[in-house]
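# Reading the structure
These are the residues of each chain, in order.
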Amino acid sequence: MVAEDSAPNKTLEATIVDLCVEAGPGKTICPTDAAKSIAAAKGGDDLAWRSWLTRVRAAAIGMARKGDLVIYRKGKPADPDDFRGVYRLGLPRSE
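Keep in mind the model is a prediction, meaning the values are calculated, not measured.

## Looking at the overall build of the protein
Looking only at helices and strands, the protein features three helices and three strands. Traced from its N-terminal end to its C-terminal end, the protein shows the element sequence α-α-α-β-β-β. Every one of the 95 residues in the protein was classed for burial, and the buried ones make up 34%. Put simply, of all contacts in the protein between residues at least 6 apart along the chain, 40% involve residues at least 24 apart. Carbon and sulfur atoms make up 52% of the accessible area of the protein, which totals about 6,200 Å².

Here is the structure:
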(Lines give C-alpha, C1' and ligand atoms only; values in the text may rest on other atoms or scores of the structure.)
Protein backbone atom coordinates (compact mmCIF):
# COMPACT_ATOMS: atom_id res chain seq x y z
CA MET A 1 0.00 0.00 0.00
CA VAL A 2 2.91 2.36 0.60
CA ALA A 3 4.03 2.00 -3.02
CA GLU A 4 0.57 3.00 -4.26
CA ASP A 5 0.54 6.11 -2.09
CA SER A 6 4.11 7.19 -2.84
CA ALA A 7 4.02 6.73 -6.63
CA PRO A 8 1.56 9.57 -7.34
CA ASN A 9 3.47 11.86 -4.97
CA LYS A 10 6.74 11.12 -6.77
CA THR A 11 5.08 12.03 -10.05
CA LEU A 12 3.71 15.23 -8.54
CA GLU A 13 7.05 16.10 -6.96
CA ALA A 14 8.89 15.45 -10.21
CA THR A 15 6.40 17.58 -12.13
CA ILE A 16 6.74 20.46 -9.66
CA VAL A 17 10.54 20.31 -9.75
CA ASP A 18 10.60 20.07 -13.56
CA LEU A 19 8.36 23.13 -13.90
CA CYS A 20 10.42 25.11 -11.39
CA VAL A 21 13.65 24.21 -13.21
CA GLU A 22 12.03 25.19 -16.50
CA ALA A 23 10.97 28.54 -15.02
CA GLY A 24 14.59 29.28 -14.18
CA PRO A 25 16.64 30.34 -11.17
CA GLY A 26 14.85 32.71 -8.82
CA LYS A 27 11.51 32.26 -10.61
CA THR A 28 8.35 30.68 -9.26
CA ILE A 29 5.42 28.76 -10.68
CA CYS A 30 1.74 28.81 -9.90
CA PRO A 31 0.42 25.58 -8.34
CA THR A 32 -2.19 25.46 -11.09
CA ASP A 33 0.65 25.02 -13.61
CA ALA A 34 1.64 21.78 -11.88
CA ALA A 35 -1.99 20.65 -11.60
CA LYS A 36 -2.62 21.33 -15.29
CA SER A 37 0.57 19.54 -16.30
CA ILE A 38 -0.16 16.40 -14.30
CA ALA A 39 -3.81 16.34 -15.40
CA ALA A 40 -2.76 16.59 -19.05
CA ALA A 41 -0.20 13.81 -18.55
CA LYS A 42 -2.94 11.61 -17.08
CA GLY A 43 -5.23 12.32 -20.05
CA GLY A 44 -7.74 14.50 -18.20
CA ASP A 45 -10.11 16.95 -19.82
CA ASP A 46 -9.76 20.74 -19.71
CA LEU A 47 -11.05 20.97 -16.13
CA ALA A 48 -9.44 17.83 -14.70
CA TRP A 49 -6.60 19.92 -13.25
CA ARG A 50 -8.92 21.22 -10.54
CA SER A 51 -9.05 17.81 -8.88
CA TRP A 52 -5.22 17.83 -8.65
CA LEU A 53 -4.88 21.13 -6.76
CA THR A 54 -5.26 19.60 -3.30
CA ARG A 55 -2.68 16.94 -4.11
CA VAL A 56 -0.27 19.54 -5.53
CA ARG A 57 -0.60 21.57 -2.33
CA ALA A 58 0.02 18.49 -0.16
CA ALA A 59 3.07 17.51 -2.22
CA ALA A 60 4.41 21.07 -2.08
CA ILE A 61 4.02 21.18 1.71
CA GLY A 62 5.87 17.88 2.06
CA MET A 63 8.64 19.05 -0.24
CA ALA A 64 8.93 22.38 1.62
CA ARG A 65 9.22 20.59 4.95
CA LYS A 66 12.16 18.59 3.52
CA GLY A 67 13.77 21.74 2.12
CA ASP A 68 13.36 20.68 -1.53
CA LEU A 69 10.93 23.50 -2.37
CA VAL A 70 9.96 26.94 -1.10
CA ILE A 71 6.37 28.09 -0.82
CA TYR A 72 6.09 31.82 -1.44
CA ARG A 73 3.32 34.09 -0.25
CA LYS A 74 3.43 37.71 -1.41
CA GLY A 75 6.95 37.15 -2.70
CA LYS A 76 8.35 35.93 0.61
CA PRO A 77 8.98 32.40 1.88
CA ALA A 78 6.00 31.11 3.84
CA ASP A 79 5.81 28.58 6.64
CA PRO A 80 4.59 25.37 4.95
CA ASP A 81 2.51 24.55 8.01
CA ASP A 82 0.83 27.95 8.26
CA PHE A 83 -0.07 29.74 5.02
CA ARG A 84 -3.31 30.61 3.31
CA GLY A 85 -4.45 32.21 0.13
CA VAL A 86 -2.57 32.66 -3.11
CA TYR A 87 0.90 31.10 -3.15
CA ARG A 88 3.65 30.22 -5.58
CA LEU A 89 6.28 27.50 -5.68
CA GLY A 90 10.00 27.77 -6.32
CA LEU A 91 13.25 25.96 -5.78
CA PRO A 92 15.43 26.98 -2.85
CA ARG A 93 17.69 29.85 -3.78
CA SER A 94 21.41 29.44 -3.32
CA GLU A 95 22.74 32.79 -2.13
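## Comments concerning helix α3 (residues 53–66)
Helix length check: α3 (14 residues) gives 20 Å between terminal C-alpha atoms against 20 Å at 1.5 Å per residue, within 8%. The complete set of buried residues in α3 reads V56, A59, A60, I61, M63 and A64. Backbone geometry just downstream of α3 places G67 in the positive-phi region, at approximately 90 degrees.

## Here's the deal with the pattern of salt bridges
A complete count under the given rule lists three salt bridges for this structure. Taking the shortest distance from any N to any O, the salt bridge between K66 and E13 comes out at 3.9 Å. On the criterion of sequence distance, the pair formed by K66 in helix α3 and E13 in helix α1 (residues 2–23) is long-range, its members being 53 residues apart. For K66, a relative accessible area of 51% puts it in the exposed group.

## Some words on the pairing of strand β1 (residues 70–73)
Summarising the sheet, β1 and strand β3 (residues 88–90) pair through three bridges and their orientation is antiparallel. Counted as the bridge partner of I71 is L89 from β3. Two strands pair when backbone bridges link them, and β1 and strand β2 (residues 76–77) are joined in this way by two bridges, in the antiparallel orientation. Pairing of R73 across the sheet is with K76, part of β2. Counting the residues that bridge the hairpin from β1 to β2 gives two residues, and of these K74 lies at a positive phi of roughly 55 degrees.

Conventions and cut-offs
Residues numbered from 1 in each chain as written. Predicted model: local features only at pLDDT ≥ 70, side-chain atom pairs only at ≥ 80, totals over all residues. Heavy atoms only, no water. Helix = DSSP H or I, 4+ residues; strand = E, 2+ residues; numbered from the N terminus. Buried < 20%, exposed > 50% of the residue type's maximum accessible area, 1.4 Å probe, protein only. Contact = heavy atoms within 4.5 Å. Areas by Shrake-Rupley, 256 points an atom, 1.4 Å probe, with all protein chains shown as cover. Expected span 1.5 Å × (residues − 1). Salt bridge = Lys/Arg side-chain N within 4 Å of Asp/Glu carboxyl O. Pairing = 2+ DSSP bridges.

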